[in-house]
Each structure stands twice: as C-alpha cells, then as structure tokens.
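Report on the structure
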Amino acid sequence: MSDTKRVVVYGASGYTGRLICEYLREYGVPFVAAGRSADTLSASMATHVAGIETADFEVVEVTHDLESLTELFQGASVVLNTVGPFSKWGPEVVEACLAAGAHYTDTTGEQDWLITCDEKYGADFAAAGLLLAPGIAQMYTTGEIAAEVALETPGLDTLDIAVFWGGSPTIASTQTILFNAALSGAHYLEQGAYVPFDPEAGHYQLAIPGQHELALALPWGGTSHPVWYRNDPRVANVKALGGVFNKALMLGVPQIVAAAIEATKDMDADDTYAALAATAAQVMSTMPPRENPRLNKSLDSVHASGPLGRAHCVIHGNQNYKQTGLLQAYAAYHLLQQPPRRVGFASGCQAFGHRELLGVLRSFGLVSAPVLTVEG
C-alpha cells in the first residue's frame, strides 16, 4: 500500500465502484482501485471514469481471501467495498479491515448482512476505534436523511419509509436482489423487535408524492433502516418499502424471484449460488448506461408519527447511483481528516451527520431541499 493512497475501492471496475472513483478524483483523494483482474480494472478506469487522467490512483489485483485482502489493506485508512452479494463475499473483507485497522463501508441493502455486521463484528470494530458502516447508498442513506429531518420534531417514534428511483438495476444489484430474496427473509421493526414481512404479500400500493397514480412497492429485503434504528431510543417502529417508477419492471420482479426460489429450494449452498447468479444474468447481463438526470430520478418519502404529532419529509433527487458514489467518496474524504461521530456499527447519518450528508448531496446538485410538513 502506497503511503499516500490510504483509500481502497474494492470492486472498482463495477458500475458503482467506477462512480466512487470518479468522486474520489473530484475530492482529490488518492486511491487504490482493487479487484480480481488488473486488466479489467485498468480498462474500466480508462474507459468509464470521467477525468481519470487527472486522478492519483493505482490498480491492484487481489485474490478474494482473508490473507490476501489483509495484506492489501495494510496501511489503508478506509476500504470502500462494492463486491456483493455481501452476505457471501463480505465477511473476508470486513475481517481483513479489522485485522489491518481500516474503516469499512459498503453499499449493501442486504438486511441479513447488516444484522451480521451489527451482531458479529460491531463490538470488535468499536473496540478498535473503527467504523463499520454498511449500506451507505442512495436507496438507504438518502431515505435515512429524510427520516432524520422528520425526527428533528420531538415525540415521533414511528417511521413509514418509501424509496423510489428511476433506471435499470446493475448486474450486481440484480444478483443481490435474488440472493437476498432466496436466502433470507425481510423484516420490519415493531416495538423494537424484528418482525418478518409476509413473503406471499406481493406488491404494496403506495400513494407517493408528486404523482396521481399509485406506485407499486416491495419490501426489497427489508432494507437497512430497521437495523439502523433498532437501538435508537427515539424510534420503536420502522417499515420501509421501495420500488422503481417503471411499473412494468416492478410487475415482473415477484415472478422472477418466486421462480428462482422454487428452482433452488432443494439445492445445496454452492449450487444455489450458481443457479441464482445464472438467473440474475438472464435478467441483467450488461452494465446500464450512464445515468441521465432527466430520466434517473429518485424519491425518498418518510412519514414520522407519534401519539400526538406527525411530520412528513420528502427529498426529490436524481441519479441514484451517482448519489451512492458521492456518499461513499465523501465518507472516505471525511475519515481521512477526522474520526466519525460513532465507531463500531453505524449508519451513514450516525457516522457523519444527516445535515452534513444532505449538504454534500445538494452541493453536487443530486437532491433538492427537503420538503417538510409538520402537524401537531
């Protein structure tokens, strides 16, 4: 590890990894682009990262095992992990970060992986003074920002969260959706305890701000929010649903997931992973195009309620993958200069502050000012 390159982007050749590298360049942060193939990494950096010729970076090929990753992370301050499904590939990366003394972030929304991070690794990271922050991404952090803005009104203990975005899922996120649906349940938080969603419920219809037509939503693995708020004394109940604005795509998701679950129900773990990866490849096998702000919109809507009060916060934005790339890059930029607000297992807002992250997204033109309505 170079003395000057204290940030590692693991999985840098993927869609989100490339965007993280792009924003690290904008922040002037030197970085290591790491992954399984040096040739793929070099080609991806040269072809898909805007302004890469002015970035300070190096490419490193690494085998995905604890010893190799620990060696790579020696001397690093922060590892930004984009290699999912995280429940399968994450443990070695987290354990290598702990061994090397590096902060860890990732882009996951896999609820089972967040629970594992919290319960298995959180205390060890806290004892080492390190941040363990899975789930820093638009689909989770921007909604968390909206929730935190609503919770600035005291006396609210229930969060009803809706997250929508426009665009196509990436190869990695398609795999993650199937792995998560087939191998783990989705939960919401009720009076501080995890409660499973009904797996047979199908679509939920939501009235979302900004349109007359009802939108289709799914639990989407339960999302990160119930895990982040489980030990927050302000909050007792959290339910999060999400979806894409493309209704035809949403209509097809339950059928694809159900077919994958049925096809793999009698397989062992290795065969299940291989079959799910093959199914994901049939759904999405190519990188989506670079986002267009006129097409790739995002919406985060949070109703916060309590016995005698209500608050509703809406954040409109665009380019959800760019939001993710920026949030990850800012996390590294921040951690190179000062400690996080919280060590151990923590969300983006818990580690860096929701108003600070909102300001970052707004300064790059990716979200508008929150629309907050308070009653009672």
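Sequence positions are assigned chain by chain, starting from 1 and proceeding in written order. pLDDT decides what is reported in this predicted model: residues at 70 or higher carry local features, side-chain atom pairs at 80 or more are listed and counted, and totals for whole chains, interfaces and linings draw on all residues regardless. The basis for the side-chain values is all heavy atoms of the structure; hydrogens and waters are excluded.

The next subject is the side chain of T324. Secondary structure elements are taken from DSSP: a helix is a run of H or I of four residues or more, a strand is a run of E of two residues or more, and numbering for both begins at the N terminus. Secondary-structure assignment places T324 in helix 11 (residues 320-335). Pairs of residues are marked as contacts when any of their non-hydrogen atoms sit within 4.5 Å. Apart from the residues within four sequence positions on either side, T324 is in contact with T16, T107, I136, A137 and Q138.

Between N-to-C directions, angles cover 0 to 180 degrees, with each direction set by a line fitted to C-alpha atoms, over the stretch in contact for helices. Interhelical geometry of helix 1 (residues 15-27) versus helix 11 gives an angle of 50 degrees and a closest axis separation of 8 Å. By the angle between their directions, the pair helix 1 and helix 11 is classed as oblique. Crossing handedness for the pair helix 1 and helix 11: right-handed. Along its contact with helix 1, which presents Y15, T16, L19, I20, E22, Y23, L24 and Y27, the element helix 11 presents Y321, K322, T324, G325, L326, Q328, A329, Y330, A332 and Y333. For classification, angles of less than 35 degrees are called roughly parallel, those exceeding 145 degrees roughly antiparallel, those between 65 and 115 degrees roughly perpendicular, and all remaining angles oblique. For any helix crossing, the convention is left-handed if the near helix is rotated counterclockwise from the far helix by under a right angle, and right-handed if that rotation is clockwise.

Here we take up the packing of aromatic side chains. Think of it this way: a Phe, Tyr or Trp ring, Trp meaning its six-membered ring, pairs with another when their centres are within 6.5 Å, and the plane angle makes it stacked under 30 degrees, edge-to-face over 60, tilted otherwise. The full count for this structure, using the stated rule, is 13 aromatic pairs. Plain terms: the ring middles of Y27 and Y333 are 4.5 Å apart, the flat faces sit at 25 degrees to each other, and that makes the pair stacked. With a gap of 306 residues between them, Y27 in helix 1 and Y333 in helix 11 connect regions that are remote in the sequence. Here Y27 falls in the buried class, since its relative accessible area comes to 18%. Per-residue accessibility, obtained with a 1.4 Å probe over protein chains only, is compared with the maximum for each type, and a residue is labelled buried under 20%, exposed over 50%, and partly exposed between these values.

Looking along the chain, the bond that leaves G84 and enters P85 is cis, with omega of 0 degrees. Here P85 is to be found in the loop between strand 4 (78-81) and helix 4 (86-100). Phi at W220 is positive, roughly 55 degrees, even though this residue is not glycine. In this structure, W220 sits in the loop between strand 11 (215-217) and helix 8 (225-228). Positive phi values are uncommon outside glycine, yet T223 reaches one of about 65 degrees. Along the chain, T223 turns up in the loop between strand 11 and helix 8. Classification of T223 as buried rests on a relative accessible area of 3%.

This paragraph deals with the pattern of salt bridges. Every case where a carboxyl oxygen of Asp or Glu lies within 4 Å of a side-chain nitrogen of Lys or Arg is listed as a salt bridge. Tallied over the entire structure, the rule returns eight salt bridges. Residues R230 and D118 are paired through a salt bridge, measuring 3.4 Å at the closest nitrogen-oxygen approach. With R230 in the loop between helix 8 and strand 12 (237-244) and D118 in helix 5 (residues 111-127), this pair connects stretches of sequence that are 112 residues apart. Since its relative accessible area comes to 17%, D118 is described here as buried. For E148, the salt bridge is made with R234, and the minimal N-O distance between the two is 2.9 Å. With E148 in helix 6 (residues 138-150) and R234 in the loop between helix 8 and strand 12, this residue pair connects regions lying 86 residues apart in the sequence. For R234, a relative accessible area of 37% puts it in the partly exposed group. Taken together, the shared-partner salt bridges in this structure form one network comprising E148, D232 and R234.

Right, let's get into helix 13 (residues 354-363). By the burial criterion, the buried members of helix 13 are H354, L357, L358, V360 and L361. Across the axial projection of helix 13, the buried residues extend over an arc of 160 degrees, all falling on one side. On its buried face, helix 13 sits against helix 1, helix 6, strand 14 (309-318), helix 11 and helix 12 (348-352). The first or second residue beyond helix 13 is G365, which carries a positive phi of 70 degrees. The directions considered for the arc are those from the helix axis to the C-beta atoms.

It is worth stressing that arrangement in space is one thing and function is another; only the former is reported here.
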